[in-house]
Amino acid sequence: MLSSIGRITFLFWADIFAAYAMWVMITYLTNVWKISLVRAAAIVNFFWGTVLMLPLAIQYLVDTIIGNYWMLLVSSLAYSAGMGFLTMSTPPVLAGAMGTCSEYKPECIGEGQKILFYTALGLIAFGMSGHLVSIGGFMADQMTDSRAEQVSMRSAKLFFFSFCGVVLVPIIALIAFPYIKPWKIRFGIPAIFTVVATLVFLSGTCSYRRRKPLGSPLTTVFRVFVASALKLFYRIPRNASELYERDNVDEIYVVQHTRSLRCLDKAAIILPDKTLEQQEGNRWRLCRVTEIEETKGLLPMIPICLTFIIPGVVSSIGLTYFLEQADHLNRKVGKLSVPLPILLLFYDIARTQFTNLYAKFLNSFGESQSKKYAPAIGFATSMVLAILCCITAAKVETRRLDVIRSHGLIDKPDDKIPMSMFWLLPQFLLLGGFDGVCEVSIACFFIDQFPPLLFKYVAHIFSGTLGLGTMGGVLSVYLVGIISERKGKQNWFQDTLNKSRLDNYYWVLAALTAANLVVFIVVAMWYAFKDSRLENLEETEFEETDGPFRMMPNFAASAEPKSS
């Protein structure tokens, strides 16, 4: 059992190294491809938005068709191919075959390299999303009580040391990466580790325990909408007891009928022209009242879920504009040159600490009825942190632009700016705190309010809302740019960072976040919160699984809801 799990843990290599490659992607695009900051940020934001939105569809595919093993296999192969294509897309690798020069200049990047690059992004996004969905489930499949009892101390020690190797090797490599200059090596090393991780995973194919797909609870939601649409012209019985419900069998639970959203009740109408046995045979035309009531519970959540999009917009600036700002600032502390990832380390520390503070805040409610409001309070708090982050970023960017003007660097985008990189530290700390509290509070909200049937999809729906916001960041930049050009004024987003007015954009984001906070408060006052299902959570349950790289919080998969 442990040997199987040990092989699976090597797949985390792919996640860590691919995340690093995408973390430095905006620097690669602006420094090598020489494309505008806006376009580079759009590429990166679309990538991360795709990564966050795909898991919902992939989970449905895993539950209904292919299972965790095949998804891990396909996504790992996609990872390996994607990282390989990304390496080959750098100018020196295929310069001879493509007939281009081998220098890191835009004129050395031909159509072939561009095709490889964009193909690589798609494959890496799919691989990353596939791992997010299936690694945890597949590792759980290998764990059974009967097999766990057979674990020896020697096996446990071997697993411990192998796991430490899986963790330490990427950490050491990521510390060394900032000192590696050639991009083909920066992308090539992650490609090699990803291929090795995939081969190690494949070596245990014969020993893995696999579960067949048992179907997805999302299908129930689809069935309710289809069945109610097919019976659109039938009248709903006045007596709810005439609607279909299998309450005479030992079901897990039965939800009582409510009179809200009665149009969906048509899915439970028993037609008079057919026998009940015939209608029960077609589950897409007849649904239980319990299934309908669970579907009804999802619809009132839509308005409050729409307020979760703006946080994704704010969060996306950390992986794009913040990093681009830091890349051209002075990194020296005395005589020591500090690598850029140090800011990401501080971001991660702030995120972890604020998340742990939220855990203590959540536990302080105990078993009181007020605990159901804790996610809403946490989300509102995260919005305040986001506003402070945007205001701080605007102030720091104004100072950076003043330094640029005073030293005549406006037309010298590649020159270092005589301003310490650590001026950006406060906004990275605030961004980490905002991300930590926001993501955990949203996940807690979904856990509390979602029907138990769909609890498995909580993390993926939560990440999908943030992914939608990340992609929305691209739209916000486009719209703000158009509006800023009115009356003949210069667009705030120029080809280089030195000519752009990111400070104005940050002020706009602060205003949007403040407006979003007001809308959230109004919607939350209207929304009827259900009692909290969460038990007291330990702080460690909120830690991430992928180190400093921004992924989904892992507590949602491990925290069990109270039985309802």
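The preceding data block contains the structure.
Quantities reported herein were computed from a predicted structural model and do not represent experimental measurements.

### Observations concerning the packing of helix α3 (residues 25-33) against helix α6 (residues 111-141)
Argument step 1. Packing of α3 against α6 leaves a shortest axis separation of 14 Å and a crossing angle of 170°. Here α3 is positioned roughly antiparallel relative to α6, judged by the angle of their axes. Contact residues: α3 offers Met25, Tyr28, Leu29 and Trp33, while α6 offers Lys114, Phe117 and Tyr118.
Argument step 2. When its residues are assigned to classes, the contact of α3 with α6 shows six nonpolar, no polar and one charged.

### Digging into the pairing of strand β4 (residues 417-420)
Argument step 1. Only one face of β4 is buried: it carries Ile417 and Met419, and the other face, with Pro418 and Ser420, is open.
Argument step 2. Pairing of strand β1 (residues 329-330) with β4, which is carried by two bridges, proceeds in the parallel orientation. Of the residues in β4, the one forming a bridge with asparagine 330 is serine 420.

### A few points about the pattern of salt bridges
Argument step 1. The final tally for this structure, using the stated rule, is 14 salt bridges.
Argument step 2. Of the charged contacts, one joins glutamate 103 and lysine 105 as a salt bridge, the two residues approaching to 3.0 Å between their closest N and O atoms.
Argument step 3. Note on glutamate 103: relative accessible area 44%, which makes it partly exposed.
Argument step 4. On the basis of relative accessible area, lysine 105 is assigned to the partly exposed category, the value being 38%.
Argument step 5. Notably, a salt bridge pairs arginine 211 with aspartate 141, separated by 2.9 Å at the nearest N-O pair. Here the residue arginine 211 occupies a position in the loop between α9 (183-203) and α10 (218-230), and aspartate 141 occupies one in helix α6, the gap between them amounting to 70 residues.
Argument step 6. Judged by its relative accessible area of 47%, arginine 211 is partly exposed.
Argument step 7. Counted as one network, the salt bridges with shared partners bring together Arg262, Asp265, Glu293 and Lys296.

### A few points about a nonpolar patch on the surface
Argument step 1. A surface patch of nonpolar side chains, about 340 Å² in accessible area, is lined by Phe222, Val226, Leu230 and Trp284.
Argument step 2. Mapped onto the secondary structure, phenylalanine 222 falls in helix α10.

### Some thoughts on the packing of helix α14 (residues 309-316) against helix α20 (residues 502-526)
Argument step 1. Between α14 and α20, whose axes approach to 10 Å, the crossing angle comes to 155°. When the axis of α14 is compared with that of α20, the two are roughly antiparallel. Here the hand of the crossing between α14 and α20 comes out left-handed. Here Ile310, Pro311, Val313 and Val314 of α14 come into contact with α20, specifically with Tyr505, Leu509, Leu512, Thr513 and Asn516.
Argument step 2. For the contact of α14 with α20, a count of residues per class yields seven nonpolar, two polar and no charged.

### A short note on the packing of aromatic side chains
Argument step 1. Within the structure shown, the criterion is met by 33 aromatic pairs.
Argument step 2. Centroid distance tyrosine 69 to phenylalanine 138: 6.0 Å. Interplanar angle 45°. Geometry classified as tilted. Linking tyrosine 69 in helix α4 (residues 37-88) with phenylalanine 138 in helix α6, this pair joins segments that are 69 residues apart in sequence.
Argument step 3. The exposure class of tyrosine 69 is buried, given its relative accessible area of 5%.

### What to know about unusual backbone geometry
Excluding glycine, a negative phi dihedral is what most residues carry, and trans is how most peptide bonds are arranged.
Argument step 1. In this model, lysine 34 sits at a positive phi of 60°, which is unusual for a non-glycine residue.
Argument step 2. Here lysine 34 is to be found in the loop between α3 and α4.
Argument step 3. Judged by its relative accessible area of 42%, lysine 34 falls in the partly exposed class.
Argument step 4. Residues other than glycine seldom take positive phi values, yet leucine 261 does so here, at roughly 45°.
Argument step 5. Mapped onto the fold, leucine 261 is located in the loop between α10 and α11 (276-280).
Argument step 6. Judged by its relative accessible area of 35%, leucine 261 is partly exposed.

### As for the nonpolar core
Argument step 1. Counting residues in each nonpolar core, the largest one holds 116 residues, and the members touching the most others are Tyr321, Phe446 and Tyr505.
Argument step 2. In terms of residues, this core owes the most to one element, helix α17 (residues 374-406), which gives 16 residues.
Argument step 3. In this structure, Ile269, Leu271, Val289 and Ile292 belong to the second largest nonpolar core, which totals 13 residues.

### Re the state of the cysteines
Argument step 1. Applying the stated criterion to the full structure yields one disulfide.
Argument step 2. Note on cysteine connectivity: cysteine 101 is disulfide-linked to cysteine 108, with sulfurs 1.6 Å apart. Disulfide cysteine 101-cysteine 108: torsion about the S-S bond near -105°, hence left-handed.
Argument step 3. With relative accessibility at 1%, the residue cysteine 108 sits in the buried group.

### Overview of the side chain of serine 316
Argument step 1. Mapped onto the elements of the fold, serine 316 is located in helix α14.
Argument step 2. What makes serine 316 buried here is its relative accessible area of 6%.
Argument step 3. If we skip the residues at most four places from it in the chain, serine 316 touches Asn45, Thr470 and Gly473.

What counts, and where the lines are drawn
Each chain has its residues counted from 1, running along the sequence as written. It should be noted that, the model being predicted, local features are given only for residues of pLDDT at least 70 and side-chain atom pairs only at 80 or more, the latter also being counted only at that level, while totals for whole chains, interfaces and linings use all residues. Remark: hydrogens and water are excluded; side-chain values derive from all non-hydrogen atoms of the structure. Fitted lines through C-alpha atoms serve as axes, helices being fitted only where they are in contact, and the angles separating the N-to-C directions of these axes extend from 0 to 180 degrees. Strands here are runs of E lasting at least two residues and helices are runs of H or I lasting at least four, both read from the DSSP assignment and numbered beginning at the N terminus. Angles are sorted into four bins: roughly parallel if under 35 degrees, roughly antiparallel if over 145, roughly perpendicular if 65 to 115, and oblique for all others. Throughout, a residue-residue contact means that at least one pair of heavy atoms, one from each residue, lies within 4.5 Å. Residue classes follow a fixed rule: Ala, Val, Leu, Ile, Met, Phe, Trp, Tyr, Cys and Pro count as nonpolar, while Asp, Glu, Lys and Arg count as charged, and any other residue, Gly among them, counts as polar. Three labels apply to residues, based on accessible area from a 1.4 Å probe with only protein chains included: buried if under 20% of the type maximum, exposed if over 50%, partly exposed otherwise in between. When DSSP locates at least two bridges between a pair of strands, those strands are taken to pair. The working definition used for a salt bridge is a side-chain nitrogen of Lys or Arg within 4 Å of a carboxyl oxygen of Asp or Glu. Here a patch means residues that are over 30% exposed by relative accessible area and free of salt bridges, tied together within 9 Å if like-charged and within 5 Å if nonpolar (Val, Leu, Ile, Met, Phe, Trp, Tyr). Each accessible area is a Shrake-Rupley estimate made with a 1.4 Å probe; only the visible protein chains count as cover when residues are assessed. In this scheme the crossing of two helices becomes right-handed for a clockwise turn of the near helix relative to the far one and left-handed for an anticlockwise turn of less than a right angle. When the centres of two rings from Phe, Tyr and Trp lie within 6.5 Å, Trp using its six-membered ring, the rings pair. Their planes under 30 degrees apart give stacked, over 60 give edge-to-face, and anything left gives tilted. Buried residues of nine kinds, namely Ala, Val, Leu, Ile, Met, Phe, Trp, Tyr and Cys, make up a nonpolar core once their side-chain atoms join them within 4.5 Å. Two cysteine sulfurs form what is called a disulfide whenever their separation falls within 2.5 Å.

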